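Chain by chain, the residues run as shown.
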Amino acid sequence: MEKTSKFQVVVSLIIAFVIAGGLLWFGNFSISRFSLSKDLIEVKGLSERVVKSDIAEISIKIENKNQDLTALYEKRTADKAKVMEFLKKFDITEADIASINTETNEERFSDYEKKNTEKYFKAIDTIFIKTTNLEQVNELKSDIVNLSSENVLVTCDCSYKFTNFQALKLDMINEASKNAKESAMSFISPYGKHIKDVAYLKQGEVTIRAENEFEDVGSWETKEKTSLKKRVRLVVRAGFTHD
């Protein structure tokens, strides 16, 4: 029993020393953190550029319906040929066509007055285009409605993309980092203090909006996709120590 009691005392002392050491380390760590926070100024740095899109993505949808499948096939083939001929006027070639999707569905129309139901087939052909020839895209979107005079039911959607962001990113990070340091210096100079060193530097958010949009516009409200020119905004978060 005596040996057991001595063993328990030794274990208790060891545990007490470990806890005391941990508290001492934690206390020193907390004091160090508190001291650092007193000498730390935290700011954001900003880089903002207006860039021009380099790719236009165009979706042209051709719709047809007919009760006869053979007649439907002939009409949709003729309509696609007219659209392809129209695209040539705007220097859109087959190399610019990313894909062509075709869809055919059987649908029914009920005439409640005549108390009968008619069956017909509906076809949708969608031409997806990617082009770097941006200057003529607006004219293309405006003129494509003229195909309706040739009995072609067509709709056109267009979006613009800026794909060269990686080439711009490093330059914007550099600019935002310099802006953060300048902000910190300007912020602290009225107090007679000086920046000593950078404590941390982190890249923050990157946003792309339409050229004239406010930064706080919701992502679901943004007109960025349909804007030829875009506003790219990159933020860095920085902490600087000072004397």
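Whatever comes next refers back to the structure up there.
Residues numbered from 1 in each chain as written. Predicted model: local features only at pLDDT ≥ 70, side-chain atom pairs only at ≥ 80, totals over all residues. Heavy atoms only, no water.

Under the definition given, this model contains 14 salt bridges. Between D125 and R76 there is a salt bridge whose closest N-O contact spans 2.8 Å. Here D125, found in strand β4 (residues 116–131), pairs with R76, found in helix α2 (residues 69–88); they are 49 residues apart in sequence, far enough to count as distant. When sorted by exposure, D125 lands in the same class as R76, which is buried. Through salt bridges with shared partners, a single ionic network connects E48, R231 and R233. (Salt bridge = Lys/Arg side-chain N within 4 Å of Asp/Glu carboxyl O. Helix = DSSP H or I, 4+ residues; strand = E, 2+ residues; numbered from the N terminus. Buried < 20%, exposed > 50% of the residue type's maximum accessible area, 1.4 Å probe, protein only.)

Among the nonpolar cores identified, the biggest contains 21 residues, and I60, V83, L87 and I129 are the most heavily contacted of them. Within the residue set of this core, elements represented by two or more residues are β2 (55–66), α2, β4, α3 (137–143) and β5 (153–161). Looking at this core, the element that brings in the most residues is β2, giving 4 residues. Beyond its immediate sequence surroundings of up to four residues, I60 is in contact with V83, L87, D125, T126, I127, I129, I144, V154, T155 and C156. In terms of nonpolar packing, the next biggest core, distinct from the first, is built from 16 residues, M172, A184, L234 and V236 among them. (Core = buried A, V, L, I, M, F, W, Y, C linked by side-chain atoms within 4.5 Å. Contact = heavy atoms within 4.5 Å.)

On to the sheet that holds strand β7 (residues 229–242). Taken in spatial order, the 3 strands line up as β1-β7-β6 in an open sheet, and their pairing is antiparallel. Both edges of this open sheet fall to β1 (40–52) and β6 (195–210), since each of them pairs with a single strand only. Recorded for the sheet is a direction-independent mean angle of 15° between the axes of neighbouring strands. As judged from the 12 bridges shared by β6 and β7, these two strands associate in the antiparallel manner. Within β7, the position partnered with T207 by the bridge is R233. Of the strands in this sheet, β1, β6 and β7 are in contact with helix α4 (residues 165–188), which crosses β1 at around 140°. (Pairing = 2+ DSSP bridges. Axes fitted to C-alpha atoms, helices over the stretch in contact; angles between N-to-C directions.)

Before going further, it helps to spend a moment on the packing of aromatic side chains. Describing an aromatic ring pair means giving the distance of the ring centres and the angle of the ring planes. All told, the structure shown has 1 aromatic pair when counted by the stated rule. On the basis of an interplanar angle of 55° and a centroid distance of 5.1 Å, the ring pair of F86 and F90 is categorised as tilted. Just as F86 is buried, F90 falls in that class too. Seen from the ring of Y120, K65 lies directly overhead, with NZ or CZ sitting 5.1 Å from the centre. (Phe/Tyr/Trp six-rings, centres within 6.5 Å; stacked < 30°, edge-to-face > 60°. Lys NZ or Arg CZ within 6 Å of the ring centre and 35° of its normal.)

By themselves, these observations are geometric and do not establish any function.
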